Amino acid sequence: MKTIVIFIHSMSSGGAERVTSILSNNLVKQGYRVILLTHKSAQSDFYYLDPAIERSQLPEMGEVKGAIGRVINNIEIVRHLRRLVKKEAPVAVVGMMSHSAVHVALAGIGGRNCEYIGSERSYPPKVPLGRGWELIRKYAYGYLSRLVVLSSESEMWASQNTNCKSVTIIPNPVELPLQTSKPILPVERFIRADQKLLLTVGRLGKEKGHKVLIKAAAPVLKCHPEWKLVIVGEGPERENLEQLIRELGVQDRVALPGKAGNIDAWYNRADAFALTSELEGFPNALVEAMAHGTAVVSFDCDTGPRDIIENGANGFLIQPSIDALTEHLTVLFSDEGIRKELSKNALEVKERFSINKFINNWLDVING
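Predicted model only: the values in this text are computed from it and were never measured.

A. Molecular detail of the environment of Arg339. Here Arg339 lies in helix H11 (residues 336–346). Taking relative accessible area as the criterion, Arg339 reaches 8% and is therefore assigned buried. Separated by 92 residues in the primary sequence, Arg339 and Glu247 place their C-alpha atoms 30 Å from one another. Residues within four places of Arg339 in sequence aside, it is in contact with Lys196, Trp227, Asp271, Ala295, Leu332 and Phe333.

B. View of the sheet that holds strand S6 (residues 146–149). Strand order across the open sheet formed by seven strands is S3-S2-S1-S4-S5-S6-S7, with parallel pairing between neighbours. The sheet is open, and its two borders are formed by strand S3 (54–57) and strand S7 (167–169), each paired with just one other strand. Neighbour-to-neighbour, the strand axes of this sheet turn through a mean angle of 20°, independent of strand direction. Direction of pairing for strand S4 (residues 92–96) relative to strand S5 (residues 115–119): parallel, over a ladder of five bridges. Paired with Gly95 across the strands is Gly118, a residue of S5. Sitting on the sheet, helix H1 (residues 15–29) touches strand S1 (3–8), strand S2 (33–38) and S4, and the angle it makes with S1 is about 170°. Contacts from helix H5 (residues 152–161) reach S6 and S7, with the element oriented near 170° to S7.

C. Representation of the side chain of Thr303 in the model. The topology assignment puts Thr303 in the loop between strand S12 (295–299) and strand S13 (316–318). Residue Thr303 is classed as buried on the basis of its relative accessible area of 2%. Here the side chain of Thr303 touches Glu280 through a polar contact of 2.5 Å, landing on its backbone oxygen.

D. Molecular detail of the pairing of S4. Burial of S4 is extensive: five of the five residues sit out of reach of the surface. Of the two faces of S4, the one lined by Ala92, Val94 and Met96 and the one lined by Val93 and Gly95 are each fully buried. Judged from the four bridges that link them, S1 and S4 form a sheet pairing that is parallel. Counted as the bridge partner of Val5 is Val93 from S4. This β-α-β element, S4 to helix H3 (residues 98–107) to S5, shows right-handed connectivity.

E. Just the pattern of salt bridges, in detail. In total, this model carries 20 salt bridges according to the counting rule given. Note that Glu341 is salt-bridged to Lys344, the shortest N-O span being 3.7 Å. Taken together, the residues span about one helical turn, with Glu341 and Lys344 both in helix H11 at a distance of three residues. Members of the salt-bridge network, linked through shared partners, are Arg33, Glu54 and Glu88.

Rules behind the numbers
Residues numbered from 1 in each chain as written. Predicted model: local features only at pLDDT ≥ 70, side-chain atom pairs only at ≥ 80, totals over all residues. Heavy atoms only, no water. Helix = DSSP H or I, 4+ residues; strand = E, 2+ residues; numbered from the N terminus. Buried < 20%, exposed > 50% of the residue type's maximum accessible area, 1.4 Å probe, protein only. Contact = heavy atoms within 4.5 Å. Pairing = 2+ DSSP bridges. Axes fitted to C-alpha atoms, helices over the stretch in contact; angles between N-to-C directions. Polar contact = N/O pair within 3.5 Å; in protein donor to acceptor, adjacent residues only side chain to side chain. Right-handed = clockwise from strand over helix to strand, strands pointing away. Salt bridge = Lys/Arg side-chain N within 4 Å of Asp/Glu carboxyl O.

Any functional reading would require information beyond the geometric quantities listed.
In structure tokens, the structure reads:
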């Protein structure tokens, strides 16, 4: 049985973690032995993992003291990866997200006994690592067998800004039905049966643009009392968002229920979906909403939505502005015919971003 090592910081809630769980679970189904290595213990795992997956944790590094301590810890991570490769003889080691990809690249110096693969899960120019890490990444990526990215923009960036020899684009997949985990948030607790639901899903962080969404939606919600906005997720911006909701006087029209492990139920209930992120690598929530037949409107940020939405055909792709979003929300709220047409056409993402395509593309990379 061929072994694959996948290295990521943790398996807590997040887009990269979710895709890692999908990849790991499906590689096991393909007959591979999968070792999932993380910094954090399995106690922080959020997504379902096949029991056949072998969970492994980096040894405790001790307290980091200054730059020298951080360097020593990173050297120990690379040494641990090299020892793991020597012991388990995998056909491939995959580093998911920037720091893990750099560690895997450095572990591959002087060794071609397996495929050393890095995977960027965002658009790198929008998520800077700091001068030191950027310099290390530039040269370290030259030791990777292959770098996997999410978009053509990321492919161009990698080719121009790193020494990587080979770049492959593999978009995230949509896997239906979606996994269910705790916490369970009953939809009916937050929205009445006679109300229509404008949904968004994402971490309550500044980068997700939830303030812009609330400001754009507030006047439309006041004109359409049958609609309610629900933002599913948790994060550091909660208090600021709650204050904004009070200032705009839409406390009964906007809800922040928190993180939901039963996100499938929320997509099934949604009548429309909005994405207002400042940056995305590949927006899983957007594809998931479309795969459930939901009419969507999204900002055209640097990467992600433009690879998914054909404006006016399977959704609205608009310039990032409050006025533009208010205008398109008004259309979605008031015109059921347009919602139905966009909903019907959105379903094609299930084939375009299917699990089979995703796994076959990854197997091509893993097998060199």
